[in-house]
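Summary of structural features
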Amino acid sequence: MKRLILTRHAKSSWDDPLTPDHDRPLNERGKAAAADLGQWLASRGYVPDEVLCSDALRTRNTWSGIAPALPGSPVLELKPALYHAGPDVMLAVLRHAKADTVMMIGHNPGIAEFAA
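Once that is clear, we can look at the overall build of the protein chain. Assigned secondary structure in the protein chain consists of four helices and four strands. Going residue by residue from the N terminus, the α and β elements of the protein chain occur as β-α-β-α-β-α-β-α. Against the globule reference of 13 Å for 116 residues, the protein chain gives a C-alpha radius of gyration of 13 Å, in line with a compact fold. A principal-axis box enclosing the C-alpha atoms of the protein chain has dimensions of 45 × 30 × 25 Å. Counting all 116 residues of the protein chain, 37% fall into the buried class. Sequence-distant contacts in the protein chain: of pairs separated by 6 or more residues, those separated by 24 or more amount to 74%. If you average the places of the 13 positive and of the 13 negative side-chain charges in the protein chain, the two averages end up 4 Å apart.

Listed below in structure tokens is the structure:
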């Protein structure tokens, strides 16, 4: 069985309006939510073998919050193409995945459109 876990990055910070969009970190709520998501995934056995992640700071921070709760060491692949990607690009990136359980961490509206 194949499983895809689609994840939008956790809540990001807008504290510094001069920070480029690509470099925005998570805010405190986002850090807590990412950790909670990791615990939720682990408690249900939804553990990715491979993680396809946008290279934006907030998506990388989301994975950093999720990962400690998960057993093992999923393969993390930073994918610049996933930064604000639409569903067509997401599908193209996903086609290269090798694992049975893959997590994709991206941005809205693309991740929601891809899910639909």
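Following the structure, the description resumes.
Cis geometry marks the peptide bond from Asn 108 to Pro 109, where omega comes out at 10 degrees. For Pro 109, the position within the fold is in the loop between β4 (101–106) and α4 (110–115).

The next subject is the sheet that holds strand β2 (residues 50–53). One open sheet holds the four strands; their spatial order is β1-β4-β2-β3, and the pairing between them is parallel. Looking along the sheet, the strands with just one partner apiece sit at the ends: β1 (3–8) and β3 (75–78). Averaged over all adjacent pairs, the angle separating strand axes in this sheet is 20 degrees, with direction ignored. Across four bridges, β2 lies against β3 in parallel orientation.

In this section: the packing of aromatic side chains. Applying the stated criterion across every chain yields a total of one aromatic pair. Ring geometry for Trp 40 and Tyr 46: centres 5.8 Å apart, planes at 45 degrees, overall tilted. Taking the relative accessible area as the measure of exposure, Trp 40 reaches 40% and is therefore partly exposed. Tyr 46 gets classed as partly exposed once you look at its relative accessible area, which sits at 28%. Across from the ring centre of Trp 14, 3.7 Å away, lies the NZ or CZ of Arg 24, which sits over that ring.

Scanning all chains against the criterion turns up five salt bridges. In this structure, Asp 100 and Lys 2 form a salt bridge, with 3.1 Å as the shortest nitrogen-oxygen distance. Taken together, the residues span a long stretch of sequence, with Asp 100 in the loop between α3 (87–94) and β4 and Lys 2 in the segment before β1 at a distance of 98 residues. A salt bridge links Arg 58 to Asp 21; the shortest N-O distance between them is 3.1 Å. In this pair, Arg 58 is assigned in helix α2 (residues 57–66) and Asp 21 in the loop between β1 and α1 (28–43), connecting sequence segments 37 residues apart.

Procedures and definitions
- Residues numbered from 1 in each chain as written.
- Predicted model: local features only at pLDDT ≥ 70, side-chain atom pairs only at ≥ 80, totals over all residues.
- Heavy atoms only, no water.
- Helix = DSSP H or I, 4+ residues; strand = E, 2+ residues; numbered from the N terminus.
- Rg over C-alpha atoms; globule rule 2.2 N^0.38 Å.
- Buried < 20%, exposed > 50% of the residue type's maximum accessible area, 1.4 Å probe, protein only.
- Contact = heavy atoms within 4.5 Å.
- Lys, Arg positive; Asp, Glu negative; His and termini not counted.
- Charge placed at Lys NZ, Arg CZ, Asp CG, Glu CD.
- Pairing = 2+ DSSP bridges.
- Axes fitted to C-alpha atoms, helices over the stretch in contact; angles between N-to-C directions.
- Phe/Tyr/Trp six-rings, centres within 6.5 Å; stacked < 30°, edge-to-face > 60°.
- Lys NZ or Arg CZ within 6 Å of the ring centre and 35° of its normal.
- Salt bridge = Lys/Arg side-chain N within 4 Å of Asp/Glu carboxyl O.

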